[in-house]
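# Descriptive structure summary
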Number of protein chains: 10
Amino acid sequence: MTEMTKEDVTAMILSAKKQAGLTWEGIAEKIDMSPVWTHSACMGMNAFPPAKAEALTKALGLPQEAASVLAESPTKIWEQTVPTDPCIYRFYEIVGVYGPTLKALIQEKFGDGIMSAIDFDMQVTRVEHPKGDRVKVEMSGKYLGYNSW
Amino acid sequence: MTEMTKEDVTAMILSAKKQAGLTWEGIAEKIDMSPVWTHSACMGMNAFPPAKAEALTKALGLPQEAASVLAESPTKIWEQTVPTDPCIYRFYEIVGVYGPTLKALIQEKFGDGIMSAIDFDMQVTRVEHPKGDRVKVEMSGKYLGYNSW
Amino acid sequence: MTEMTKEDVTAMILSAKKQAGLTWEGIAEKIDMSPVWTHSACMGMNAFPPAKAEALTKALGLPQEAASVLAESPTKIWEQTVPTDPCIYRFYEIVGVYGPTLKALIQEKFGDGIMSAIDFDMQVTRVEHPKGDRVKVEMSGKYLGYNSW
Amino acid sequence: MTEMTKEDVTAMILSAKKQAGLTWEGIAEKIDMSPVWTHSACMGMNAFPPAKAEALTKALGLPQEAASVLAESPTKIWEQTVPTDPCIYRFYEIVGVYGPTLKALIQEKFGDGIMSAIDFDMQVTRVEHPKGDRVKVEMSGKYLGYNSW
Amino acid sequence: MTEMTKEDVTAMILSAKKQAGLTWEGIAEKIDMSPVWTHSACMGMNAFPPAKAEALTKALGLPQEAASVLAESPTKIWEQTVPTDPCIYRFYEIVGVYGPTLKALIQEKFGDGIMSAIDFDMQVTRVEHPKGDRVKVEMSGKYLGYNSW
Amino acid sequence: MTEMTKEDVTAMILSAKKQAGLTWEGIAEKIDMSPVWTHSACMGMNAFPPAKAEALTKALGLPQEAASVLAESPTKIWEQTVPTDPCIYRFYEIVGVYGPTLKALIQEKFGDGIMSAIDFDMQVTRVEHPKGDRVKVEMSGKYLGYNSW
Amino acid sequence: MTEMTKEDVTAMILSAKKQAGLTWEGIAEKIDMSPVWTHSACMGMNAFPPAKAEALTKALGLPQEAASVLAESPTKIWEQTVPTDPCIYRFYEIVGVYGPTLKALIQEKFGDGIMSAIDFDMQVTRVEHPKGDRVKVEMSGKYLGYNSW
Amino acid sequence: MTEMTKEDVTAMILSAKKQAGLTWEGIAEKIDMSPVWTHSACMGMNAFPPAKAEALTKALGLPQEAASVLAESPTKIWEQTVPTDPCIYRFYEIVGVYGPTLKALIQEKFGDGIMSAIDFDMQVTRVEHPKGDRVKVEMSGKYLGYNSW
Amino acid sequence: MTEMTKEDVTAMILSAKKQAGLTWEGIAEKIDMSPVWTHSACMGMNAFPPAKAEALTKALGLPQEAASVLAESPTKIWEQTVPTDPCIYRFYEIVGVYGPTLKALIQEKFGDGIMSAIDFDMQVTRVEHPKGDRVKVEMSGKYLGYNSW
Amino acid sequence: MTEMTKEDVTAMILSAKKQAGLTWEGIAEKIDMSPVWTHSACMGMNAFPPAKAEALTKALGLPQEAASVLAESPTKIWEQTVPTDPCIYRFYEIVGVYGPTLKALIQEKFGDGIMSAIDFDMQVTRVEHPKGDRVKVEMSGKYLGYNSW
């Protein structure tokens, strides 16, 4: 008997979501987490805190074993060094074009260091605009200064 | 006689900035543009509107020819497919980990399409926090829906 | 029970097309869309508007579930960074040889910006010619000027 | 004494163009060639027919030796397998997304073969549009059917 | 029920060839085509003209459906950018070492252009030689001159 | 004082060839070697036999030191894993499409082994043809059977 | 019914070897071939001479069909451009560090040419040594001089 | 004043070797080291023991500073992941084809471990053979067993 | 009947570990090995000494055949040249940033040589710290000096 | 007049170190920092705190301008995705072989997170050992747990 994997649970979630006609925003609300985190952890790219894993399992009617799988630390793998999907590529392009600018301004405002991608959160919102609505992405990460020793 | 290039002007700007003890924020203020845009265009990754190119040239005491160079359309080239500098890499990592999430939420909120990286702006700010100050990055891009025909 | 995927529906379409002796042009006509769009969406590289997904499902006698699959946003993935098929490679070669030229002329005619690949359409036609008929490819994309802020 | 190279002549053309305030369209008109071809050959990606090389040399006041250099067969090299400049990348993306569609429709209309990228021409035009002007790119290449023997 | 693919037909041909003790030269003779073409099309890298597809299907006793599969346009894919098999690598090496020479001599004899790989044929023969027999490969492709416009 | 390099000699040859209005075929004749070999060795991709190096040096009026440089064993380097120049790419494409066929026929005619790319020669000729002249490339390499021990 | 492949036969050999408690050296002795060749051909990287294929089939009690499979010419494929296994990587490293040295000494001793990897054999032996036993690898390949023509 | 580099010293050695008409074997003899080591260290891929560095400096009449440069630890860099020169490529091919065999036999004779590429030596010799002389390469490296802890 | 593979045994271990609620530290203790080694060998990246393989098999209640599989020499393969998982990437980054420093200090303290990755061990411990606990990684490898000969 | 760069200062440091016969350990002592940090920052891979930059400048007699350059935030770039130098490669190999183990043990001891490579320090020491001295590398980095939100 093979163990249930993160891929199995992702497939169950997508199926339950479709059948129940839910949105990611709706699912996130049910477990009182943000939509970005919820989607990412459902895709197996983050580990749910145990209580949230339980809550999601109940909310979507998944088998009990799914809760422990959702709480496991994933190995984060992406297979395309340069993403081909246009929606994702545009973010890669932003890093290519504005990466040195992000670095220069972080250093100007904080000193020699980085923005953490671990102690990190992100929001995506829709902003109305007369010339066409806009996607707003807000990232927030803890500043970490390089150690010297 | 060789033409002045964007690289030449970038070197002049960095030198003038150092001698005058300016910050990117300070330079941006002088020409009434945002620091992100100002740095990016000074690095030769964006083209200044002609009036801003003139303003920058005066503000930093660059030779007159620099203004027309700053206003030229650049060819945006980055040489590292995967950036090695840790500060820039963290943003690449965010795209790798959260790219599919960004895509899913944009589609949930808008339909099948992307966030433009052209009709786009970005801010970087320092946010105080008791457990360590945080870097806040705000991106805003126009939603573009796929055409069907 | 596993969900029906875009790959499944593509296989059904190819099978139905072969058995009915249809062409892509013929299928496109049945649903009143262009052949380029129709083929691309049937291959799972674009999402059909729901009404068109319904129309295609009926026209080819696909199972009802196929319609919702055809209307889902796809993740656009191509696996060959440099395509090997000679017919596709020739277009890659055109981008390699004429890419800087396309950029220079777009900037000359419009300013600093790009041709959108999202608000975009394309036609392929056969043009008779005494020295051998020619393939005509017409692309049209909205001009998007870089924002400055 | 080193020979004049294509790179040297390209630099001279760019300098003469800037000083005379010319456009590519204007230069093309002077030598009665299309702007796409003219730009491409000035960049050293195509060889001018000798008479056109002479005409360009005169029109821009280049040294006489430039004419023979402009008429030499270039070795066409591009260094980025995936172009990073957003304006050029969008065309790469179109090949990635629509490459299999272009192939399928060429085969449906002509048989098993390709569109030549050698016996080929291209136009770029600006098309007015109430929702924003559009870039129109028209490619035309001779159909070449695979030989069987 | 899944469609018969080119891979399926290739496997059938290899099996029939082995059981009947045939050579590629023998199979080619039966359908009055060259061995190079015949092998290539049997491997799914070229499309048989319909009459030849029928002839092959009969000659090898393949199921009737195979004929239409053999006549379909293939997508030509090779997975190794640099081939590892020594017999194939040597040809890659020849292109690496002599590629610029082939280009220079084609241009000297014809003008600025290429040898077509589409309107193309090839023969492989064994040539006796006192110091060890030699492989002779003869390629013939139509010269295509670059268009200027 | 730096040594004369193969690159230096190649530049001298190209300059002398241009000034004397010679062709590769003409140069090859002067030293009684084939044009393919002559071009390749002039480009620094092969080593001239000492007598031929002397003959070339005299025929083109190169400095005496050039002869010993032309006779040195070169390190054969090509920088593009996949060549971008269309004329050279077509040969790469032929290896990709027909590589397995070349292997299969060499094995059918000789046994398990390869065609040598070292004990090797090649000719390029122009063949008149009513539908457009053709490039003929003839390669001949010694068959080498795998050793077993 | 699918054909037996080289992979199938390799699996059978490994299984038989394990059950009979044999070594590669022992298997090689049974068929009077060297251990290097025997292992390589059992892995499907070389073709056994028919008599040896028969001998191995009998010695290990493989099904009769295995003999003809073992005698087929393999396509030699390795999937890692840079091998990751430390034992294999060290040999890659030796080629990287000493490759130019091997080339220089072969040229000094023989002239412009190579050591054949086809007319080639290799031995691996254990050499006792007071400071720790040593692996001895002996390669022998026919010198092939470049042809000039 | 810039420091003398390993590249500078390599150039001096090559020049001195050419003017004195020496071979690598001859140079090696003068300093009582093997030709493989001597060439490798002269190329800057290994560090001479100080006494040997002195001896070489005297033997070739290099400036005194060269001795300390020859004794420095080099950073071993090779730029081609897959070497293109045919003489070096053949060794890469041997690692690709026989790498798993080398590993299997080392493990059979020694246990789980590797052949060191550091505590390592190599010889190249010419072996006469009636069917054509052969290159013999002998490598010897200390066996290192994996630690378990 | 197919042989049990290292992958099979890894899956059994993970399943037994989960059901018994064990930690790697706990498993390591049971067989009196370190946690780093134990995890690595359970993942199939190292070979257990036979007695330890037996002990593990008993401790976790695996089938008897597992013991011999655990003792086999693995082929160490990793598929991502640059690891994407953030926890593993940080170590890759450390090698990129501090690699030349590690080399310089090893040479200063020992001479021209390396730290062995074969005669090697490693510990991971948690160190309490008022500003946040720290991960301590201790590596120890035998110094190996380059041979000269 | 061009600005002094980090490369310039690195060259000055190496020259001063050689002339003064210093070691990295000795230089580090003079400025009361660790040797790992000191070397890394001298190589331009880290930024010295201003006081340490001043101290180093005085200790080595560098021009005053060097101090401000040493204190600038560097862009950390390494050019070899897989390092070729054997001493550095061994650390890359350790990450490849033990990366998943490091991840598993960090998660077992701390939870879902990483070891920081920013709030990080490292020591290299020589440890005497009867069977050959050993290199000891100690890394210490702050544990960072993934945020959930």
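Residues numbered from 1 in each chain as written. Chains lettered and ligands numbered in written order. Predicted model: local features only at pLDDT ≥ 70, side-chain atom pairs only at ≥ 80, totals over all residues. Heavy atoms only, no water.

## Section: helix 1 (residues 6–20) of chain I
Residues and elements named next belong to chain I. With 15 residues, helix 1 extends 21 Å from end C-alpha to end C-alpha; this agrees with the ideal 21 Å at 1.5 Å per step. Listed as buried for helix 1 are Lys6, Val9, Thr10, Ile13, Ser15, Ala16 and Lys17. Against the buried residues of helix 1 lie helix 2 (24–30), helix 3 (35–42), helix 4 (50–60) and helix 5 (65–70). Immediately beyond the C-terminal end of helix 1, within one or two residues, lies Gly21, with a positive phi of roughly 60 degrees. (Helix = DSSP H or I, 4+ residues; strand = E, 2+ residues; numbered from the N terminus. Expected span 1.5 Å × (residues − 1). Buried < 20%, exposed > 50% of the residue type's maximum accessible area, 1.4 Å probe, protein only. Contact = heavy atoms within 4.5 Å.)

## Here we look at the relation of the copies chain G and chain H
Overlaying chain G with chain H gives an RMSD of 0.0 Å, the required rotation being 180 degrees about an axis along which the chain moves by 0.0 Å. Both copies are brought into coincidence by an operation consistent with a two-fold rotation axis. Residue G:Glu138, judged by its C-alpha, is the member of chain G lying nearest the rotation axis, at 2.3 Å. Both copies present the same face, since 100% of the interface residues in chain G are matched by interface residues at the equivalent positions in chain H. (Least-squares fit on C-alpha atoms with pLDDT ≥ 70 in both.)

## Notes on the packing of aromatic side chains
The tally for this structure, following the rule as stated, stands at 80 aromatic pairs over all chains. When the ring of B:Phe110 is compared with that of B:Tyr143, the centres are 4.7 Å apart and the planes differ by 20 degrees; the resulting orientation is stacked. Here B:Tyr143 lies in strand 2 (residues 134–145) and B:Phe110 lies in helix 6 (residues 86–110), a separation of 33 residues in the sequence. For B:Phe110, a relative accessible area of 13% translates into the label buried. Residue class for B:Tyr143 comes out buried when judged on its relative accessible area of 16%. One residue, B:Lys76, lies across the ring of C:Tyr146, its end atom 3.4 Å from the ring centre. (Phe/Tyr/Trp six-rings, centres within 6.5 Å; stacked < 30°, edge-to-face > 60°. Lys NZ or Arg CZ within 6 Å of the ring centre and 35° of its normal.)

## A short note on the side chain of I:Arg134
Topologically, I:Arg134 is positioned in strand 2 (residues 134–145). A polar contact of 3.5 Å, which involves the side chain of I:Arg134, links it to the side chain of J:Asp121. (Polar contact = N/O pair within 3.5 Å; in protein donor to acceptor, adjacent residues only side chain to side chain.)

## Points about the pattern of salt bridges
This structure, assessed with the given rule, holds 90 salt bridges over all chains. Residues A:Lys103 and B:Asp85 are paired through a salt bridge, measuring 3.1 Å at the closest nitrogen-oxygen approach. Placement of the pair is A:Lys103 in helix 6 (residues 86–110) and B:Asp85 in the loop between helix 5 (65–70) and helix 6, with the two residues belonging to separate chains. We classify A:Lys103 as buried; its relative accessible area is 4%. Assessed through its relative accessible area of 2%, B:Asp85 is described here as buried. Among the ionic pairs, H:Glu138 bridges to G:Lys136, the shortest N-O distance being 3.8 Å. Taken together, the positions of H:Glu138 in strand 2 (residues 134–145) and G:Lys136 in strand 2 (residues 134–145) put the pair across two chains. We classify H:Glu138 as buried; its relative accessible area is 18%. Residue class for G:Lys136 comes out partly exposed when judged on its relative accessible area of 27%. (Salt bridge = Lys/Arg side-chain N within 4 Å of Asp/Glu carboxyl O.)

## Points about the domain arrangement of chain A
Domain annotation of chain A identifies domain 1 (6–70) and domain 2 (86–145). When each unit is reduced to the centre of its C-alpha atoms, the spacing between domain 1 of chain A and domain 2 of chain A is 26 Å. (Domains from an automatic or database assignment.)

## Structural notes on the pairing of strand 2 of chain G
A large share of strand 2 of chain G lies buried, amounting to ten of its twelve residues. Connecting strand 1 (residues 113–127) of chain G to the antiparallel partner strand 2 of chain G that follows it, the hairpin turn spans six residues, and G:Gly132 within it adopts a positive phi of roughly 125 degrees. Where strand 2 of chain G and strand 2 of chain H come together, nine bridges link them in antiparallel fashion. Bridge pairing links G:Val135 to H:Gly141 in strand 2 of chain H. (Pairing = 2+ DSSP bridges.)

## Structural notes on the sheet that holds strand 1 (residues 113–127) of chain B
Spatial strand order, 1(A)-2(A)-2(B)-1(B): four strands in an open sheet with antiparallel pairing. The open sheet has two edge strands with one neighbour each: strand 1 (113–127) of chain A together with strand 1 of chain B. If you compare each strand with its neighbour and ignore which way they point, the axes differ by 20 degrees on average. (Axes fitted to C-alpha atoms, helices over the stretch in contact; angles between N-to-C directions.)

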